[in-house]
Amino acid sequence: MISEVTGIRRIRMLYLQLLYRCNFECLHCFHGKRLQHADAFTADEAISLLALMSDQYGTEAVTLLGGEPFVYRDLTQVVQYAKRDLGLRVEICTNGYRIERRLTEIAPDLDLLRVSLEGIGSTNDHIRKFGSYRSALSALEIAQHLGVRTGATMTVTSRNIEEVLPLARVLQGYGVEQLKLHCLRPVGNAAAHPELLITEPTAYTRLRGRLDAADLAIEVIVDEDLSEDGAPDTCVPDGGPVEIERIEADPRGALTMSCKAVGKDSHAFWYDKLADHIDHRPSPTDELTLAVPDVVYARV
């Protein structure tokens, strides 16, 4: 249905949110109250969607998210199917909290472990959870020992913008290859914490300048939103896109093509888990937005 409505024939990556449930309640989490919802993909539903995307849209990579994917009961089954049966590149985005046993189990089929951190020590723990900083670093150490490549994500806020470079340097010491920086959106839990928002537009410009000048061995990828002018809502080639970078599936089956749309109730497409079919559900508020490419700011 996506190809018929949009003309899109290829979607390179699926971001699959397996469940809403999480063992954290981060101050900035865009899911907000949905963290308490029971919606989740069963293993069969997740496998069916992976097969559909691979077969119909040539999808070659999957990123598994939540909530927290390591509390998902059937994580090993989904990871093994994605890698062994479909040959997909498999990435997991996690808080890294006490994941050692399950990480060891799935390591042979995992291409990248990406751990979320929000700064150094207490800065991170205040936003995420007490003890989460040390636990995340421990997970990175274990991944390195298991031969699993690692990355990290950080949502830039007023509390941690000065710790972007210090965190990047710490991560370098743990063999982390890449740090993704995201812009905080005032949705979910973040809507109740406006103090986390960065209100001075030039703060992002200064951050970009520091990244340009830094001698980093870690690749830093910056959201287009982290600029003075922000990013456009859409990025559509002339004549419409034939191929897009990603599509994201939430635990209800809502499919969005831009992170800006995640968490909203009007979606252009839905995955019918029972029928294993993607449907278009038109409404007056439906708007199909395409993912804006990230910008690489430091690479050696």
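Every value quoted in this text rests on a predicted model; they were computed, and no experiment measured them.

**Topic: the overall build of the chain**
The number of helices and strands found in the chain is eight helices and twelve strands. The 300 residues of the chain split such that 54% are buried. Within the chain, contacts between residues separated by at least 24 positions form 72% of all contacts whose residues are at least 6 apart in sequence. Of the roughly 13300 Å² that the chain leaves accessible, carbon and sulfur atoms contribute 49%.

**Re the packing of aromatic side chains**
Counting across every chain of the model gives two aromatic pairs. Plain terms: the ring middles of Phe-24 and Tyr-97 are 5.3 Å apart, the flat faces sit at 65 degrees to each other, and that makes the pair edge-to-face. Within this pair, whereas Phe-24 is found in the loop between β1 (10-17) and α2 (43-57), its partner Tyr-97 is found in the loop between β3 (89-94) and α4 (100-106), the two being separated by 73 residues in sequence. Ring geometry for Phe-41 against Tyr-271: centres 6.4 Å apart, planes inclined by 20 degrees, an arrangement best described as stacked. Highlighted residues: Phe-41 in the loop between β1 and α2 and Tyr-271 in strand β10 (residues 269-272), separated in sequence by 230 residues. An identical accessibility class is assigned to Phe-41 and Tyr-271; each is buried. The ring of Phe-30 is capped by Arg-185, whose NZ or CZ atom sits 5.6 Å from the centre of that ring. In this arrangement the basic side chain of Arg-246 is found over the ring face of Tyr-15, its NZ or CZ atom lying 3.9 Å from the centre.

**What about the nonpolar core?**
By size, the foremost hydrophobic cluster in this structure holds 76 residues, and its most contacted members are Leu-16, Leu-64, Leu-113 and Leu-181. Per element, the largest residue contribution to this core is eight residues, and it comes from α2. If we ignore the near neighbours within four places in the chain, the residues touching Leu-16 are Phe-41, Ala-46, Leu-49, Leu-50, Val-62, Thr-63, Leu-64, Leu-65 and Ala-249.

**Side note on α2**
Helix length check: α2, at 15 residues, gives a terminal C-alpha distance of 21 Å against a target of 21 Å (1.5 Å per residue), a fit within 8%. Among all positions in α2, only Ala-43, Glu-45, Ala-46, Ile-47, Leu-49, Leu-50, Leu-52, Met-53 and Tyr-57 are buried. Looking one or two residues beyond α2, the residue adopting positive phi is Gly-58, at roughly 60 degrees.

**Some details on helix α8 (residues 202-213)**
Taking 1.5 Å of rise per residue, the twelve residues of α8 would be expected to cover 16 Å, and the 17 Å separating its terminal C-alpha atoms lies within 8% of that figure. All of the buried residues in α8 are Ala-203, Tyr-204, Leu-207, Arg-208 and Leu-211. Seen from one end, α8 has its buried residues packed into an arc of 140 degrees, which puts them on one side. In α8, the exposed residues that point more than 90 degrees away from the buried face are Asp-212 and Ala-213.

**Points about the packing of α2 against helix α3 (residues 75-85)**
Following both chains from N to C, one finds α2 and α3 inclined at 20 degrees, their axes separated by 10 Å at the closest point. By the criterion of interaxial angle, the relationship of α2 to α3 is roughly parallel. Where α2 crosses over α3, the handedness of that crossing is right-handed. On α3, the residues that touch Ala-43, Asp-44, Ala-46, Ile-47, Leu-50 and Ala-51 of α2 are Gln-77, Val-78, Tyr-81 and Ala-82. Per-class residue counts for the contact of α2 with α3 are eight nonpolar, one polar and one charged.

**What to know about the confidence of the model for the chain**
Taken as a whole, the chain shows an average pLDDT of 85; of its residues, 84% reach a score of 70 or greater. With pLDDT under 50 throughout, residues 232-238 is counted as low confidence; its partners more than four residues away or in other chains account for 14 contacts.

**As for the pairing of strand β7 (residues 219-222)**
Side-chain alternation along β7 places Glu-219 and Ile-221 on one buried face and Val-220 and Val-222 on a second face that is also buried. Relative to β7, strand β6 (residues 178-183) is paired through four bridges, and the arrangement is parallel. Across the sheet, the residue bridging to Lys-180 is Ile-221, located in β7.

**Observations concerning the environment of Thr-94**
By the secondary structure assignment, Thr-94 is in strand β3. The sequence separation of Thr-94 and Ala-136 amounts to 42 residues, and the corresponding C-alpha distance is 8.9 Å. Setting aside its immediate chain neighbours within four residues, Thr-94 contacts Glu-68, Phe-70, Ile-99, Leu-113, Arg-114, Val-115 and Ser-116. For Thr-94, the side chain forms a polar contact with the side chain of Glu-68, separated by 2.8 Å. At 2.9 Å, the side chain of Thr-94 and the backbone nitrogen of Gly-96 are in polar contact.

Rules and cut-offs
Residues numbered from 1 in each chain as written. Predicted model: local features only at pLDDT ≥ 70, side-chain atom pairs only at ≥ 80, totals over all residues. Heavy atoms only, no water. Helix = DSSP H or I, 4+ residues; strand = E, 2+ residues; numbered from the N terminus. Buried < 20%, exposed > 50% of the residue type's maximum accessible area, 1.4 Å probe, protein only. Contact = heavy atoms within 4.5 Å. Areas by Shrake-Rupley, 256 points an atom, 1.4 Å probe, with all protein chains shown as cover. Phe/Tyr/Trp six-rings, centres within 6.5 Å; stacked < 30°, edge-to-face > 60°. Lys NZ or Arg CZ within 6 Å of the ring centre and 35° of its normal. Core = buried A, V, L, I, M, F, W, Y, C linked by side-chain atoms within 4.5 Å. Expected span 1.5 Å × (residues − 1). Arc of directions from axis to C-beta. Axes fitted to C-alpha atoms, helices over the stretch in contact; angles between N-to-C directions. Parallel < 35°, antiparallel > 145°, perpendicular 65-115°, else oblique. Left-handed = near helix turned anticlockwise from the far one by under 90°. Nonpolar A, V, L, I, M, F, W, Y, C, P; charged D, E, K, R; others polar. pLDDT = per-residue confidence, 0-100. Pairing = 2+ DSSP bridges. Polar contact = N/O pair within 3.5 Å; in protein donor to acceptor, adjacent residues only side chain to side chain.

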